[in-house]
Amino acid sequence: MARIVMEALSKVYPGGVQAVSDVSLDIADGEMIVLVGPSGCGKSTLLRMVAGLERISSGTLSIGDRVVNDLEPAQRDIAMVFQNYALYPHMTVYNNLAYGLRNQGIARPEIDRRVQEAAGMLQIADYLDRKPRALSGGQRQRVAMGRALVREPAAFLFDEPLSNLDAKLRVQMRVEIRQLQKRLGTTSLYVTHDQLEALTMADRLVVLNGGRIEQVGTPMELYHRPETVFVAGFIGSPAMNMIDMAYLRDRGAAPGTLPTGTDLLGVRPDDLRLGDGDGLVLSGTVALLEPAGAESHVYVALDGSGQVVTVRVPGLPDVTEGGVLTLSAPLSALHPFNSASGRRVQ
Amino acid sequence: MVENDRWGMLLAHLVLILGVAVVVFPVYVAIIASTHAPGTFLQGVMPLLPGSHGWENYRTIIFEGRSNAGAPPIGSMLWNSFVMAMMIAVGKIAISLLSAFAIVYFRFPGRIFFFWIIFVTLMLPVEVRIVPTYQVVANLHMLNTYAGLSIPLIASATATFLFRQFFMTVPEEMLEAARVDGAGPWKFFKDILVPLSVTNIAAMFVIMFIYGWNQYLWPLLITTDDSYYTIVMGIQRMVTGADSEPLWHLVMATVVLAALPPILVILFMQRLFVKGLTETEK
Amino acid sequence: MQTKRMTFTSRWLPYVLLAPQVIITLIFFVWPASQALWQSMLRQDPFGLRTTFVWFRNFERLFADPNYLASMKTTAIFAVGTTLLSLSLSLLFAVMVNRMIRSRDLYTTFLVWPYAVAPAVAGVLWWFIFNPSVGILPYMLEMLGYDWNHRLHAGDAMALVILAAAWKQISYNFLFFLAGLQSIPQSLIEAAAIDGAGRTKRFWTIIFPLLSPTTFFLMVVNIVYAMFDTFGVIHATTAGGPAQATNILVYKVYRDGFIGNNLGSSAAQSVILMGIVIVLTVVQFRWIERRVNY
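Residues numbered from 1 in each chain as written. Chains lettered and ligands numbered in written order. Predicted model: local features only at pLDDT ≥ 70, side-chain atom pairs only at ≥ 80, totals over all residues. Heavy atoms only, no water.

1. Here we look at the sheet that holds strand β5 (residues 66-67) of chain A
Think of a sheet as strands paired side by side through backbone hydrogen bonds, with each pair either parallel or antiparallel.
Residues and elements named next belong to chain A.
Alright, step 1. What the 4 strands build is an open sheet, ordered β2-β1-β4-β5; its pairing is antiparallel. Taken across any chain shown, the strands that pair with only one partner, and hence form the sheet edges, are β2 (18-27) and β5.
Alright, step 2. Relative to β5, strand β4 (residues 58-63) is paired through 2 bridges, and the arrangement is antiparallel. Bridging from a neighbouring strand, Ser 62 pairs with Val 67 of β5.
Alright, step 3. Here helix α1 (residues 43-51) sits on the sheet and contacts β1 (4-12), β2 and β4; the angle it forms with β1, its principal contact strand, is near 120 degrees. (Pairing = 2+ DSSP bridges. Helix = DSSP H or I, 4+ residues; strand = E, 2+ residues; numbered from the N terminus. Contact = heavy atoms within 4.5 Å. Axes fitted to C-alpha atoms, helices over the stretch in contact; angles between N-to-C directions.)

Right under this line is the structure:
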């Protein structure tokens, strides 16, 4: 159990590429933090810096109350679950779990106790004598988890652990990992590029872009009040619609009471309604109707600019492709941004 | 197959059977020849069916030899060949694993330089630098020793490359997981890298054992004491050592014994051998 | 050159790991090679008493020596003959075996083992079969009206060593051709069949061009083999004869150095051979790079 504190962490590769810039984050004991962002945003590098797999160029990292900048991964009291599991293919499941403990010089009965306990918790007790290649994807995932559990570490580090599973199994494992983490109360750092995984699992979310933190907050904070254009576009699916104020002004459709400096208006597909109303009013033609079961996505090409906005409506709406349509959204649902700073206008 | 033509397949089988016959023929002839009495060969062309002196010929050649005809007993030659082949195979694999490990898993000043030094050996087969290599071995007093037979042939760029290629395909996470599990370089090498390389090691062993067993020029040069003769070079001494026509039945028995061990190694480890051979060159 | 993304850090360990191989390489490869280079520019008097530095005169002499030039020509004929014979036979076998399904492994087993036979042993085997007094083939050739005698006829001797050298190399080439054939996607061949190409046409227009990287690679390997690894074939059988007809370059280096005791000339020949090996190795590496890139 431990608090993890990052102070102004940076990573510069030889050759000058800045992978992580000035990241500061205070992770409370027992908290589940999800690092999310597009590929190349530095999230994996940051995780690997915490693990000790990547040298820290500048800044301080402490786990518990120890500064661990110069410690070997094995000395940091962390455990890691890798994207491709990184199970030792020539060792049985039992030995995969036990290997790290043996290297620590832990006594045999204690190793056995921990392995059996973890195996029971993860329902892999029947497979302990098998080699990884004889296991299914989901079972391998559990073994990888088990290898982390037996160490009884101060923190778990997850590097996109579910990305190699099929969609159905991914949802199931997501739930299991989260339950396990809550039960054990172990501080966790979880990297993913999947924003849905991020929203559902995190106590707090950290959105990274270009090696910098865009925003830190609970899933709801990030969803309802994105602080930057990037976060607004990244969190939520389908993505938030961004409408240029110049377009609205030209058509005389600019909503009146917006903070000064607003030149970009964000509106989530869920907040747009079919039909006229107060606040933002748009008109266009239906480009495509996409039924998705409980809901439908309507793609509307706006008059004048041809920009396509997405609308999410429950059920199957009564619209036809090529038909003309009016859309509206209440003022309270609009997110005002300044395109030059890329930030929300207060 | 795209279409099913009976005649085409028949033709293919015919070609292959003929091909196999051509490939097998020389060894068949050798086996037959080794089972006949010496007199057979004086009557002109050799027979194509086995004779009845096989047992006798092999016993003679292994335990007694025919020293008056330049044919010492070959039991000890077989042993020498075996020792040499084993030392070369095991030695090559050991030093190549270590150097490939250094080149792939460490970054250090001079890495590229050392890589090239090793690479150079690929370009210099012993045949092209015979005299100076002989001089070095002579100066080190390694003539007529097992060390002299094997050590100069142990440095192998081929094996180093194979292991380097293989190590490059080992997932990065394997090392990272091992680091998180508290394994240092030596533990990682011993507990993870070497066990992962078992197939490649076995394949390399087949190729290098055959390479060592089949050495000819090198033992010819550096052994003058017949207790260090190897079997492959021994054949040549038998063929040219006699003043008269060679004792064909004994020469062919020797040829069969010289060819048998590496052939057995290949046949028993065919799959590994094929994999090792075709992957070395990738 | 690549390493792993993450590496171990140690100031001394990598050097210790490299030491065995590097030390052996330096003592038995680099040092002798540089000695050869040095000796190739020296000349000893016949009694070995005085050594003079003669720059490139040993090389000049070699290229003026009709024996050396003849040996070069012999080597070229031998290498080309061995390569062509072995490549064409193994390609034929590989194409045929690739058509088989159940019997593929069986045929492969029968074709693979000559790899294990030492070149010297291969030489002796064929030498025996062709032996003018007891061999089977001369007997059969005689019935056809040909008087085979590789002890007297230069052409017969060359044919003999080419056969022996090519025979041993069939396995190696066969395995690579078979691997190459198996990596050609079946769909391409099916597409060609749909386009109306018959079996023969498919082979020459689809399979053979796609196999050309393998063929080229094997050509280089076989030339290297024929030039350097066949010492045993020659030495154990014809010993370069009759009348130098099979005196290939590697054999000549050995003879001039060890029997003729002409160190300067032998060293100069070694240097030339090293040059040839280096050129061939570079060619081969260019090929590997190209293959990696496409």
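2. Comments concerning the domain arrangement of chain B
Interface size is often expressed as the accessible area that is lost when the parts come together.
Residues and elements named next belong to chain B.
Alright, step 1. Splitting chain B by domain gives domain 1 (2-66) and domain 2 (69-278).
Alright, step 2. For domain 1 versus domain 2, the separation of C-alpha centres amounts to 30 Å.
Alright, step 3. Every contact between the two is made by 16 residues of domain 1 and, on the other side, 18 residues of domain 2.
Alright, step 4. Where domain 1 abuts domain 2, roughly 1400 Å² becomes buried across the two surfaces, and 77% of that area is made up of carbon and sulfur atoms.
Alright, step 5. Counting every contact that joins domain 1 to domain 2 gives 0 salt bridges. (Domains from an automatic or database assignment. Buried area = accessible area lost by both parts, 1.4 Å probe. Salt bridge = Lys/Arg side-chain N within 4 Å of Asp/Glu carboxyl O.)

3. Some remarks on helix α13 (residues 248-268) of chain B
In an α-helix there are 3.6 residues to a turn, and that puts residues three or four apart on one side.
Residues and elements named next belong to chain B.
Alright, step 1. The terminal C-alpha atoms of α13, which comprises 21 residues, lie 29 Å apart, in line with the 30 Å expected from a rise of 1.5 Å per residue.
Alright, step 2. For α13, the principal kink sits at Leu 260 and spans about 35 degrees; a proline, Pro 261, occurs within the next four residues.
Alright, step 3. Of all 21 residues in α13, 16 are buried; the element is thus mostly enclosed. (Expected span 1.5 Å × (residues − 1). Bend = angle between axes of the 7 residues up to and from the residue. Buried < 20%, exposed > 50% of the residue type's maximum accessible area, 1.4 Å probe, protein only.)

4. Let's talk about the sheet that holds strand β10 (residues 212-217) of chain A
Residues and elements named next belong to chain A.
Alright, step 1. Read from one edge of the open sheet, 6 strands run β6-β7-β8-β3-β9-β10, paired in mixed fashion. Strand pairing shows two members of the sheet lacking a second neighbour, β6 (78-81) and β10, which therefore form its edges. Averaged over all neighbouring strand pairs, the angle between strand axes comes to 20 degrees, with direction disregarded.

5. Some words on a nonpolar patch on the surface
Alright, step 1. A contiguous nonpolar patch, built from Leu 140 of chain B together with Ile 23, Leu 26 and Ile 27 of chain C and spanning about 320 Å² of accessible area, is present on the exposed surface.
Alright, step 2. For Leu 26 of chain C, the location among the structural elements is in helix α1 (residues 13-39). (Patch = residues over 30% accessible without salt bridge, like charges linked within 9 Å, V, L, I, M, F, W, Y side chains within 5 Å. Areas by Shrake-Rupley, 256 points an atom, 1.4 Å probe, with all protein chains shown as cover.)

6. A closer look at the confidence of the model for chain B
Alright, step 1. Per-chain confidence: chain B averages 83 in pLDDT, with 90% of residues scoring 70 or above.
Alright, step 2. Per-element confidence in chain B ranges from a low mean pLDDT of 75 for helix α14 (residues 270-280) of chain B to a high of 93 for helix α9 (residues 185-196) of chain B. (pLDDT = per-residue confidence, 0-100.)

7. Quick word on the interface of chain C and chain B
Alright, step 1. Each side of the interface is counted separately: chain C has 98 residues, and chain B has 116 residues.
Alright, step 2. Both sides of the chain C and chain B interface together cover about 10100 Å² of buried area, and 76% of this is carbon and sulfur.
Alright, step 3. Our count for the chain C to chain B interface comes out at 1 salt bridge.
Alright, step 4. Arg 271 of chain B is the partner of Asp 105 of chain C in a salt bridge, and the nearest nitrogen-oxygen pair spans 3.6 Å.
Alright, step 5. Counting across the chain C and chain B interface gives 11 residue pairs in polar contact (both at pLDDT 80 or more). (Polar contact = N/O pair within 3.5 Å; in protein donor to acceptor, adjacent residues only side chain to side chain.)

8. Thoughts on the pattern of salt bridges
All names here are of chain A.
Alright, step 1. A full pass over the atoms with the stated rule returns 21 salt bridges over all chains.
Alright, step 2. The partner of Arg 55 in a salt bridge is Asp 70, and the shortest N-O contact between them spans 3.5 Å. Here Arg 55, found in the loop between α1 and β4, pairs with Asp 70, found in the loop between β5 and β6; they are 15 residues apart in sequence, far enough to count as distant.

9. Some details on the packing of helix α3 (residues 66-99) of chain C against helix α7 (residues 154-182) of chain C
Residue and element names in this part refer to chain C.
Alright, step 1. The interhelical angle for the contact between α3 and α7, taken along N-to-C directions, is 40 degrees, at an axis separation of 6 Å. It follows from the interaxial angle that α3 and α7 lie oblique. In terms of crossing hand, the pair formed by α3 and α7 is right-handed.
Alright, step 2. Per-class residue counts for the contact of α3 with α7 are 21 nonpolar, 9 polar and no charged. (Parallel < 35°, antiparallel > 145°, perpendicular 65-115°, else oblique. Left-handed = near helix turned anticlockwise from the far one by under 90°. Nonpolar A, V, L, I, M, F, W, Y, C, P; charged D, E, K, R; others polar.)

10. Let's talk about the pairing of strand β9 (residues 204-209) of chain A
All names here are of chain A.
Alright, step 1. Sheet topology note: the strand β3 (residues 32-36)/β9 ladder contains 4 bridges and is parallel. Paired with Leu 35 across the two strands is Val 206, which belongs to β9.
Alright, step 2. When β9 meets β10, the two strands line up antiparallel, connected through 5 bridges. Considered in β10, the bridge of Leu 208 is made with Ile 213.
Alright, step 3. Counted along the chain from β9 to the antiparallel partner β10, the turn is 2 residues long, and its residue Gly 210 has a positive phi close to 55 degrees.

11. What about the side chain of Ser 62 of chain A?
Residue and element names in this part refer to chain A.
Alright, step 1. Within the element layout of this structure, Ser 62 appears in strand β4.
Alright, step 2. Its relative accessible area of 13% is what places Ser 62 among the buried residues.
Alright, step 3. If near-sequence neighbours (up to four positions away) are discounted, Ser 62 is found in contact with Arg 3, Ile 4, Val 5, Val 67 and Val 68.

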